[in-house]
Protein chains: 2
Amino acid sequence: MTFYQKIRSVQRKNKSLLCIGLDTDISKIPESLFSHGDPIVEFNRRIIEATKDIVCAYKLNLAFYESLGEHSWSTVHRTLSFIPTEIVTVGDAKRGDIGNSAQMYAKLIVDDYNFTACTVSPYMGEDSVKPFMRNRNEGVFVLAVTSNPGAKDLQYLRVRNRPLYEHVIGLVKKWNSKNNCGLVVGATRPTELKRVRALVPEMPLLIPGIGAQGGNLKSAVRFGCDMHGEMAIINAGRSVIYASNSEDFAQAARTVAMKLRDEINMYRLEFF
Amino acid sequence: MTFYQKIRSVQRKNKSLLCIGLDTDISKIPESLFSHGDPIVEFNRRIIEATKDIVCAYKLNLAFYESLGEHSWSTVHRTLSFIPTEIVTVGDAKRGDIGNSAQMYAKLIVDDYNFTACTVSPYMGEDSVKPFMRNRNEGVFVLAVTSNPGAKDLQYLRVRNRPLYEHVIGLVKKWNSKNNCGLVVGATRPTELKRVRALVPEMPLLIPGIGAQGGNLKSAVRFGCDMHGEMAIINAGRSVIYASNSEDFAQAARTVAMKLRDEINMYRLEFF
């Protein structure tokens, strides 16, 4: 199954465009988990068990895992082992390096960890992102318009009367010969999201910034989906996984995730 | 000692602008090392022992280490433990992420690994790089003009009649309130290097691309140095560490490194 098919398939099966960001911070998880050998693995396991039928994807920001030092490798591996294979997994790495280094990152994230897809930064150009675009069943989300305040520093600069991010999108369209590229567009940027969707009617869009960052859910659905009301992968992290800091955290995460999924589906019914 | 002072100090002490890129690939090191518990650590140890009096810096591209999986953490730690404290160490990570994730990367690379400096990507703007610019005794090299072919895809786009990388440099000058920022400019880009040095007369420039990538050493020195013939950190990787694949590899690396250092110093005498 290709990467694009996999996204559609799980979005239909679980009736969900929701992606949960497993950006698990040891300082924010319930104390009761500290009796487990690896509290982060146990936290992630319970969140996954409680939500795996109502999401299309899980995203792990590798900054949270690499900062664990020597446990990083096994914590990522074990977390991914709990995720059903039909669900998309995104290694949020935002890498970008010259050819031979990019190959090593691709080997780690896609081959060794076995993420379905990863995020990459476009600043170093074609040979820095192509190693992540090798096979149709693996995907890559290139940073286009990010959700953070600093996005405006570079991404909005005018190049031949268009913002820089539109040039990035033009490049990604050119590079997309294996039909496995997507884009990252922040939910905090509804106007840009609409413009991006017009430029790439069929590409998957990974949309972070809902919840803690204040992005608008309604416009994420309205402007982020393709014509079938699919192919938007809407990420929520902290607002879901830290919905409660007591023993009921997994059930609380499910409640918030279910509410988000249903709200997304209500907007899908309205607009598609 | 501030980051800028540390660079000048070791460049004077070791009479060297040379940085060795310890991008050690397990498939390229002598077989005799495989009897050691960690062959990469042993390889790096011997290269460091053989060259530490003739370099100003060592640079580790983290792609090579992360791909080691669970050994990554200890291999980086042990490698750094062999490097004298007066020498600059660069964690070549090219990270860039939203605020809280960037903080975690900074914690890992600068606090936990204890690199003197790291490389970052500017695409996500101020809040993605500021967490790496916390203290005057730690440094950050922001990607400006990279040495790879794909550099032209984005970095040379014209924004208000100037290439994008000049806007990046303008931003870095603005962000440099702690006087601890530098820039990455590839040795394969002599014209751009000259222009960059004119824009930032005093910033350190990390200059990769000598050797295997074909960058010109003479112009790296002529255009990369500040007015004192310093503050250029000229990186050579594969051409030094794989100078020989036999048991004499460390001595061979020293011979090549010495030749590079001396050639650099000859150009310094000529131009400064």
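Report on the accompanying structure. If you're wondering where the values come from, they're calculated on a predicted model, not measured in any experiment. (Residues numbered from 1 in each chain as written. Chains lettered and ligands numbered in written order. Predicted model: local features only at pLDDT ≥ 70, side-chain atom pairs only at ≥ 80, totals over all residues.)

1. So, the overall build of chain A
A tally of helices and strands in chain A yields twelve helices and ten strands. In terms of C-alpha radius of gyration, chain A reaches 18 Å, essentially the compact-globule figure of 19 Å for 272 residues. On the principal axes, the C-alpha backbone points of chain A span a range of 55 × 45 × 35 Å. Split into buried and exposed, the 272 residues of chain A put 56% on the buried side. For chain A, restricting intrachain contacts to residue pairs at least 6 apart in sequence, the fraction spanning at least 24 positions comes to 72%. (Helix = DSSP H or I, 4+ residues; strand = E, 2+ residues; numbered from the N terminus. Rg over C-alpha atoms; globule rule 2.2 N^0.38 Å. Buried ≥ 20, exposed ≤ 12 C-beta atoms within 10 Å, placed from the backbone. Contact = placed C-beta atoms within 7 Å.)

2. Comments concerning the relation of the copies chain B and chain A
Rotating chain B by 180 degrees and translating it 0.0 Å along the rotation axis places it on chain A, where the RMSD comes to 0.0 Å. Here the transformation between the copies is reduced to the relation of a two-fold axis. Taking C-alpha positions as reference, the residue of chain B nearest the rotation axis is Val159 of chain B, located at 2.6 Å. Interface overlap between copies is the fraction of interface residues in one copy that are interface residues in the other; for chain B against chain A it reaches 100%, indicating a shared surface. (Least-squares fit on C-alpha atoms with pLDDT ≥ 70 in both.)

3. Regarding the nonpolar core
Counting residues in each nonpolar core, the largest one holds 186 residues, and the members touching the most others are Val142 and Leu183 of chain A together with Val142 and Leu183 of chain B. Other than its neighbours up to four places away in sequence, Leu183 of chain A contacts Phe141, Val142, Ala144, Ile169, Val172, Val196, Val200, Met203 and Leu205 of chain A. (Core = buried A, V, L, I, M, F, W, Y, C linked by C-beta atoms within 7 Å.)

4. Here we look at the sheet that holds strand S2 (residues 57–61) of chain B
Read around the barrel, eight strands follow the order S1-S2-S3-S4-S5-S8-S9-S10 (chain B) and close on themselves; strand pairing throughout is parallel. Within the sheet, the average angular offset between the axes of one strand and its neighbour, ignoring direction, is 30 degrees. (Pairing = 2+ DSSP bridges. Axes fitted to C-alpha atoms, helices over the stretch in contact; angles between N-to-C directions.)

5. Considering the pairing of strand S10 (residues 232–236) of chain B
All names here are of chain B. Buried residues dominate S10, accounting for five of its five residues. Residues Ala232, Ile234 and Ala236 of S10 are buried on one face, and the alternating residues Ile233 and Asn235, pointing to the opposite face, are buried as well. In terms of strand pairing, strand S9 (residues 205–207) meets S10 through three bridges, oriented parallel. Within the sheet, the bridge partner assigned to Leu205 lies in S10 and is Ala232. The parallel pair S9 and S10, bridged by helix H10 (residues 217–224), forms a crossover whose chirality is right-handed. (Right-handed = clockwise from strand over helix to strand, strands pointing away.)

6. Brief notes about helix H10 (residues 217–224) of chain A
Within H10 of chain A, burial applies to Ala220, Val221, Arg222, Phe223 and Gly224 of chain A. Check the buried side of H10 of chain A and you find it contacts helix H9 (190–199), strand S9 (205–207), strand S10 (232–236) and helix H12 (249–271) of chain A.

In short, shape yes, function no, at least from these values alone.
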